[in-house]
2 protein chains.
Amino acid sequence: MKDVITVLYDDFETLDVFGPVEVLGTLPDRFNTVFTSLNGGIIKSSQNVPVLTVPFEEPDARTYILLIPGGIGTRLLVKDGVFIDNLRRLADHAEFILTVCTGSILLSKTGMLDGKQATSNKRVFSWTGMESPAVNWVKKARWVKDGNIYTSSGVSAGIDMALGFVADQFGRDTALQIAQTIEYEWHEDPTWDPFAGPG
Amino acid sequence: MKDVITVLYDDFETLDVFGPVEVLGTLPDRFNTVFTSLNGGIIKSSQNVPVLTVPFEEPDARTYILLIPGGIGTRLLVKDGVFIDNLRRLADHAEFILTVCTGSILLSKTGMLDGKQATSNKRVFSWTGMESPAVNWVKKARWVKDGNIYTSSGVSAGIDMALGFVADQFGRDTALQIAQTIEYEWHEDPTWDPFAGPG
């Protein structure tokens, strides 16, 4: 069992987290979901979901997957050096990193996306470039994989990305089985993106 | 602001809850999401999400929407008279009731679905009929509306149903705007159901 360590902060976007958690947590005996925040305790999403978290731990030799959601709370966190430093420590030791929506902007502040391809929410695309111009932001993509880092578009795109991650790790049939179980029409093609703006 | 009172219990299915909560909670200034369980405290989903809940309250004159998720935990609860009695009290006073997946089987045990049309998870359809034969179970439907009760198919179908509920209450354009915001391809037709078995 590998841990999926999900980074929470006040005003995270609900479905950014629980779409991928549903997909990964439904795979039998593969992943153990853990919810963490800078200081631990109850963290509330923008939609008022109160989730119990454990404090950020010093990463050890365990292998784990890091899940970074987006949300309106990122607007403050991109300027929060303590949070970003701690996020970098967690990200440095992750076997894989998955971000949803503006979670990629948080990750970009660690410098770990510099020179890499990544995507984000389509409604804030000018912000992504402003915050982190050294990232090769992909404008039209449901999700993007570069090395061990997966970044997805807004909110529900995280479900498609998580299924894509499962397909890469365990085969396409496993991803299709999960999609069937959760009665979800998987957008299997990472370039499918009707929410990208023109041009 | 109306409350969306979500009934949680151990081993609820993560996305059954947080799909509709994302949709309803994203609508500005309309809904306040509240998480409740029989005795309050931390309740964990099947995917290990720890959510803080308040105990079931005696319903008062407030108008509210009741959201009942499904999940493997329903297998025990259908036999739990105390839980079902309390659920009936909450459901009796709800302005609207929304169920996802096997949440409809919990609601059916209160008798409130007798003679009504409803749907549920497609993988447990024989169980639905066995538990509550007085319900007109609809085999092929993404979601079903009968009076003030909406029931949806498995897991991600709750997102489509919640958007359908928003469309009924506030107009189709509002539902489409939310779908755009959360980058979700809404299945607008409640009869769309590729997950229904043959026949």
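Going along each chain's sequence as written, the residues are numbered from 1 onward. Here chains are named by letter from A upward and ligands by number from 1 upward, in the order in which they appear as written. For this predicted model, a pLDDT threshold of at least 70 governs which residues receive local features, and a threshold of 80 or more governs which side-chain atom pairs are given and counted, while totals over whole chains, interfaces and linings are taken from all residues. Side-chain metrics rest on all non-hydrogen atoms present in the structure, leaving aside hydrogens and water.

Draft legend 1. Structural view of the nonpolar core. Buried Ala, Val, Leu, Ile, Met, Phe, Trp, Tyr and Cys residues that are joined via side-chain atoms within 4.5 Å together make up what is termed a nonpolar core. Relative accessibility under 20% of the residue-type maximum defines a buried residue, over 50% an exposed one, and the middle range a partly exposed one, all with a 1.4 Å probe and only protein chains included. Counting 128 residues, the largest nonpolar core has Phe18 and Leu66 of chain A together with Phe18 and Leu66 of chain B as its most contacted members. Once residues within four sequence positions are removed from consideration, phenylalanine 18 of chain B is found in contact with Thr14, Leu15, Phe18 and Val49 of chain A together with Phe12, Phe35, Val49 and Val51 of chain B. Here, residues are in contact when the closest pair of their heavy atoms is within 4.5 Å.

Draft legend 2. Representation of empty space enclosed by the protein within the structure. All names here are of chain B. Method remark: on a 1 Å grid restricted to protein atoms, a set of points is classed as a cavity if a 1.4 Å probe fits but cannot get out and as a pocket if it is open with protein on both sides within 12 Å along at least five of seven lines; lining residues have an atom within 4 Å of a point. Grid points are joined across faces, edges and corners, and a volume is the space filled by probe spheres set on the points. Tallied over the entire structure, the rule returns one cavity of 30 Å³ or more. Estimated volume of the largest cavity: approximately 70 Å³. Lining the largest cavity we find 11 residues, and of these Ile5, Thr36, Glu57, Arg62 and Leu90 sit closest to its centre. Residue assignment for the lining of the largest cavity shows that the elements contributing at least two residues are strand 2 (31-37) and strand 4 (50-55). Only DSSP runs of H or I reaching four residues or more are called helices, and only runs of E reaching two or more are called strands; each is numbered from the N terminus.

Draft legend 3. Highlighting the interface of chain A and chain B. Listed as interface residues are 39 residues of chain A and, on the opposing side, 39 residues of chain B. Summed over both partners, buried area is the accessible surface (1.4 Å probe) that two parts give up on being assembled. When chain A packs against chain B, the two sides together hide about 3200 Å² of surface, and 56% of this comes from carbon and sulfur. Contact with chain B buries surface across chain A, with Glu22, Glu183 and Phe195 of chain A losing the most and accounting together for 22% of the total. Salt bridges are defined by distance alone: a side-chain nitrogen of Lys or Arg within 4 Å of a carboxyl oxygen of Asp or Glu. For the pair chain A and chain B, the number of links is zero salt bridges. Elements supplying a minimum of two residues to the side of chain A that touches chain B: helix 1 (14-26), strand 2 (31-37), strand 4 (50-55), helix 6 (157-170) and helix 7 (172-181) of chain A.

Draft legend 4. Representation of the confidence of the model for chain A. pLDDT expresses, on a scale from 0 to 100, how confident the predictor is about each individual residue. When pLDDT is averaged along chain A, the result is 94; 97% of the residues meet or exceed 70. With a pTM of 0.96, the predicted complex shows an ipTM of 0.95.

Draft legend 5. Region of the structure containing the packing of helix 6 of chain A against helix 7 of chain A. Residues and elements named next belong to chain A. With their axes 6 Å apart at the nearest point, helix 6 and helix 7 run at an angle of 145° to one another. Seen from above, helix 6 lies across helix 7 with right-handed handedness. Judged by residue contacts, Leu163, Val166, Ala167 and Phe170 of helix 6 engage Arg172, Thr174, Ala175, Ile178 and Ala179 from helix 7. All axes here are fitted lines through C-alpha atoms, helices being fitted over the stretch that makes contact, and every angle between N-to-C directions spans 0 to 180 degrees. Two helices that cross are described as forming a left-handed crossing if the nearer one is turned anticlockwise from the farther one by less than a right angle, and a right-handed crossing if clockwise.

Draft legend 6. Inspection of the relation of the copies chain A and chain B at higher detail. All copies are superposed by least squares; the fitting set is the C-alpha atoms of residues with a pLDDT of at least 70 in both. For these two chains of identical sequence, chain A goes onto chain B by a turn of 180° and a shift of 0.0 Å along the axis, with RMSD 0.0 Å. Both chain copies can therefore be described as sitting about a two-fold axis. Taking the C-alpha atom as reference, chain A places valine 51 of chain A closest to the rotation axis, 2.3 Å from it.

Draft legend 7. Examining the pairing of strand 6 (residues 96-99) of chain B more closely. All names here are of chain B. The two faces of strand 6 match: Phe96 and Leu98 on one face and Ile97 and Thr99 on the other face are all buried. Where strand 5 (residues 64-68) and strand 6 come together, four bridges link them in parallel fashion. Across the sheet, leucine 66 pairs through a bridge with isoleucine 97, a residue of strand 6. Both strand 6 and strand 10 (residues 149-152) contribute to a ladder of three bridges, which runs parallel. From the neighbouring strand, threonine 99 faces strand 10, where its bridge partner is threonine 151. One requirement defines pairing of two strands: DSSP has to find at least two bridges between them.

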